[in-house]
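Read off the chains here:
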Amino acid sequence: MNNVMEAPVIELMCDLIRRPSITPDDAGCQGTLVGRLQDIGFSCETLQFGDVTNLWARRGTAAPVLCFAGHTDVVPPGEESEWSSAPFEPTLVDGDIYARGSADMKSGLAAMIVALEEFIAAHPDHNGSLAVLITSDEEGRARDGTLKVMEALTKREEHIDWCVIGEPSSQHRLGDIVRIGRRGSLSGILTVRGIQGHVAYPQLADNPIRRFAPVLAELHQIEWDQGNDYFPPTSFQVVDVRAGVGAPNVTPGELSARFNFRYSTEWTHESLQQKVESVFDAHDIDVDLKWHLSGEPFLTEPGKLIDAVTQAVTEHTGEAPELSTGGGTSDGRFISPAGVDVVELGPVNASIHKIDEHVKVEDVITLQSMYRRIMELMLL
Ligand SMILES: [Zn+2]
């Protein structure tokens, strides 16, 4: 049992875990990684935006560029007394290491660093370049992290070709799911204006509920799309409708509502907004509609990166991974728009953000080996 704890990847993961890097505090994690990366020939650049520390590291100047990406920040542990062991002290129980950040995603970070060390030691003259992009602002507002780093890289025309994100993508066992994209998320926040009045004199009032109801019905009847090979059908959900002044004999003067689209690559946020606005325009309704875009959908098309990741996983697990666009947000939404092929491959995500978060030690060691194999398939 002690042997696995002495594996370099596990030692590095435990070192990172002991730094309580609650978002957006990096707590010195990136300093450790910089030292390791400089030792294997990376030039490292710290990009500080506000209170967020980001790292861009690159080895070589040639194209193509294969980048590993991730985050050092973790979500708060919650009530520490509810944990079976101290959240920032890695604790081994039955082959699992328990700690905040163990699965999301200090295991992924450690696996990519040690995989890079091994690959470069064996193949110092690899093709192209290797890069590492790390932020401490993935779990928080995500405004001063990967988004800003990508803006800086784009400005100086530094291009990434392929990116592997070490987020916990797996569901039941390591490598069962590889994420190759994500649905878009677009919210609408609206106010319908009318004229408040006495319920007995509707001719003197203008009831916004009456105005809004047919629009709502029409929006629900639209088949937005049927999805496509990689995305489920676009979904429209109303999350809130409120009006009324609290008295049974008063019709309200205003109605407010919120809705959200989770949408496929059949749409952009502009085309969806246009469609919704055209529905409102066809009705006699005084509405103020505001939009909030959380992220456009992205998809990595079949190609060299997906082939390599699929092969690396299959060689280790005996089964090809499911290529999925499900799940919540990740920084892939900021990397992909620069024309980068992005996939996410990391440990099992069942315990992330929970009390007693944990990761299987064997999985971390296998993940390191998968990452190394991806580099061999891409850069030799
Ligand atoms: Zn994460």
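Every chain is numbered on its own, with residues counted from 1 as its sequence reads. Thresholds applied to this predicted model are a pLDDT of at least 70 for local features of residues and 80 or more for the giving and counting of side-chain atom pairs; totals over whole chains, interfaces and linings are not thresholded and use all residues. Neither water nor hydrogens contribute to the side-chain values; these are computed over all heavy atoms in the structure.

### What about the side chain of Glu 167?
Part 1 of the argument: Among the secondary structure elements, Glu 167 is positioned in the loop between β7 (162–165) and β8 (177–179).
Part 2 of the argument: Relative accessibility decides the category of a residue: with a 1.4 Å probe and only protein chains considered, values under 20% of the type maximum give buried, values over 50% give exposed, and everything between is partly exposed. Positive: Lys, Arg. Negative: Asp, Glu. His and the chain ends are not part of the count. Should a side-chain nitrogen of Lys or Arg be within 4 Å of a carboxyl oxygen of Asp or Glu, the pair is scored as a salt bridge. For the buried residue Glu 167, which engages in no salt bridge, the nearest side chain bearing the opposite charge is Arg 179, 6.7 Å off.
Part 3 of the argument: Every residue in contact with Glu 167, bar those within four places of it in the chain, is listed here: His 71, Asp 104, Met 105, Glu 138, Ser 330, Glu 344, Leu 345, Gly 346 and Pro 347. Each helix is a run of H or I in the DSSP string that is no shorter than four residues. Each strand is a run of E no shorter than two, and both are numbered from the N terminus. Contact definition: two residues touch when any of their heavy atoms are within 4.5 Å.

### Concerning helix α8 (residues 304–317)
Part 1 of the argument: Expected helix span is taken as 1.5 Å per residue step, with the number of steps being one fewer than the number of residues. Spanning 14 residues, α8 covers 20 Å between terminal C-alpha atoms, matching the ideal 20 Å at 1.5 Å per step.
Part 2 of the argument: Among all positions in α8, only Leu 305, Ile 306, Ala 308, Val 309, Ala 312 and Val 313 are buried. The arc enclosing the buried residues of α8, seen along the axis, measures out at 165°, which places them on a common side.
Part 3 of the argument: Those residues of α8 that are buried lie in contact with β7, β8, β17 (322–324), β18 (341–344) and α10 (361–379).
Part 4 of the argument: Following α8 by one or two positions, Gly 318 adopts a phi angle in the positive range, close to 85°. What the arc measures is the spread of directions leading from the helix axis to the C-beta atoms.

### Observations concerning the packing of helix α3 (residues 29–39) against helix α4 (residues 102–122)
Part 1 of the argument: As a rule, the C-alpha atoms of each element are fitted with a line to give its axis, helices using only the stretch in contact, and angles between N-to-C directions run from 0 to 180 degrees. In the contact formed by α3 and α4, the axes pass within 10 Å of each other and the chain directions differ by 15°. In terms of axis orientation, α3 runs roughly parallel to α4. In this structure, α3 crosses over α4, and the sense of that crossing is left-handed. From α3, Cys 29, Leu 33, Arg 36 and Leu 37 reach across to α4, where they touch Lys 106, Ile 113, Val 114, Leu 116 and Glu 117.
Part 2 of the argument: For this classification, the nonpolar set comprises Ala, Val, Leu, Ile, Met, Phe, Trp, Tyr, Cys and Pro, the charged set comprises Asp, Glu, Lys and Arg, and every other residue, Gly included, is treated as polar. Split by residue class, the contact of α3 with α4 holds six nonpolar, no polar and three charged. By the definition adopted for this analysis, an angle is roughly parallel if under 35 degrees, roughly antiparallel if over 145, roughly perpendicular if from 65 to 115, and oblique otherwise. By definition, any crossing whose near helix is turned counterclockwise from its far helix by less than a right angle is left-handed, and any crossing with a clockwise turn is right-handed.

### Notes on the pattern of salt bridges
Part 1 of the argument: Taken as a whole and assessed by the stated rule, the structure comprises 20 salt bridges.
Part 2 of the argument: In this structure, Glu 158 and Arg 58 form a salt bridge, with 3.0 Å as the shortest nitrogen-oxygen distance. Highlighted residues: Glu 158 in the loop between α5 (146–155) and β7 and Arg 58 in strand β2 (residues 52–59), separated in sequence by 100 residues.
Part 3 of the argument: With its nearest N and O atoms 2.7 Å apart, the salt bridge here joins Arg 373 to Glu 315. Taken together, the positions of Arg 373 in helix α10 and Glu 315 in helix α8 put the pair 58 residues apart, joining distant regions of the chain.
Part 4 of the argument: Its relative accessible area of 44% is what places Glu 315 among the partly exposed residues.
Part 5 of the argument: A single network of salt bridges, built from pairs that share partners, joins Glu 118, Glu 315, Arg 372, Arg 373 and Glu 376.

### Section: the sheet that holds strand β14 (residues 254–263)
Part 1 of the argument: If you walk across this open sheet you meet the four strands as β12-β14-β10-β15, and the pairing is antiparallel. Only two strands of the sheet have a single neighbouring strand rather than two, namely β12 (235–242) and β15 (287–295). Averaged over all adjacent pairs, the angle separating strand axes in this sheet is 15°, with direction ignored.
Part 2 of the argument: Taken strand by strand, helix α6 (residues 208–221) contacts β10 (184–193), β12 and β14, and its axis lies near 10° from that of β14.
Part 3 of the argument: Against the sheet, helix α7 (residues 269–281) touches β10, β14 and β15, its axis set at about 160° to β15. At least two bridges found by DSSP between two strands is the condition for calling them paired.

### Overview of the coordination of the zinc ion
Part 1 of the argument: The donor set covers N, O and S atoms within 2.8 Å of the metal, switching to 3.2 Å for Na, K and Ca, and it leaves out water, so a site may look short of donors. His 71 (NE2), Asp 104 (OD), Glu 167 (OE) and Glu 167 (OE) make up the full set of protein donors to the zinc ion, lying at 1.9 to 2.8 Å.
Part 2 of the argument: Every angle between 85 and 135 degrees makes a four-donor site tetrahedral, while opposite donors more than 155 degrees apart, with all other angles between 65 and 115, make a four-donor site square planar and a six-donor site octahedral; other sites are irregular. For the zinc ion, the four donor atoms in the first shell make angles of 51 to 147° at the metal, so the coordination geometry reads as irregular.
Part 3 of the argument: The sequence pattern describing where the donors of the zinc ion fall on their chain is H-x32-D-x62-E. Placement of the pair is His 71 in strand β3 (residues 65–71) and Asp 104 in helix α4, with a sequence separation of 33 residues.

### Observations regarding the environment of Ser 84
Part 1 of the argument: Take Ser 84: it is sitting in the loop between β3 and β4 (91–93).
Part 2 of the argument: Here Ser 84 falls in the exposed class, since its relative accessible area comes to 65%.
Part 3 of the argument: Side-chain atoms alone can form a polar contact between residues adjacent in sequence; in general such a contact is a pair of N or O atoms within 3.5 Å, and within protein one must be able to donate a hydrogen while the other accepts it. Among the polar contacts listed, one links the side chain of Ser 84 to the side chain of Asp 356, at a separation of 2.7 Å.

### Remarks on the packing of α6 against α7
Part 1 of the argument: Across the interface, α6 lies against α7 with an axial gap of 10 Å and an inter-helix angle of 140°. Classed by the angle they form, the pair α6 and α7 counts as oblique. Crossing of α6 over α7 shows right-handed handedness. The segment α6 lies against α7, with Phe 212, Val 215, Glu 218 and Leu 219 engaging Val 276, Val 279 and Phe 280.
Part 2 of the argument: Across the contact of α6 with α7, the residue classes tally to six nonpolar, no polar and one charged.

### So, the packing of aromatic side chains
Part 1 of the argument: We call Phe, Tyr and Trp rings a pair once their centres come within 6.5 Å, taking the six-membered ring for Trp, and we label the pair stacked below 30 degrees between planes, edge-to-face above 60, and tilted otherwise. The tally for this structure, following the rule as stated, stands at nine aromatic pairs.
Part 2 of the argument: With centroids separated by 4.8 Å and ring planes inclined at 80°, the aromatic side chains of Trp 224 and Phe 261 adopt a geometry described as edge-to-face. In this pair, Trp 224 sits in the loop between α6 and β12 while Phe 261 sits in strand β14, placing the two residues 37 residues apart along the sequence.
Part 3 of the argument: Between Trp 224 and Trp 267, the ring centres sit 6.0 Å apart and the planes meet at 65°, which makes this aromatic pair edge-to-face. With Trp 224 in the loop between α6 and β12 and Trp 267 in the loop between β14 and α7, this pair connects stretches of sequence that are 43 residues apart.
Part 4 of the argument: Residue classification places Trp 224 among the buried residues on the basis of a relative accessible area of 8%.

### Brief notes about the sheet that holds strand β19 (residues 358–360)
Part 1 of the argument: Overall, antiparallel pairing links the three strands, which are arranged β4-β5-β19 in an open sheet. On the outer flanks of this sheet lie β4 and β19, each paired with one strand and no other. Each adjacent strand pair in this sheet contributes to an overall mean axis angle of 30°, direction not counted.
Part 2 of the argument: Of the pairings in the sheet, the one linking strand β5 (residues 96–98) to β19 comprises three bridges and is antiparallel in character. Note that in β19 the partner of Tyr 98 across the bridge is His 358.
Part 3 of the argument: Relative to the sheet, α10 contacts β4, β5 and β19, its axis offset from that of β19 by approximately 65°.

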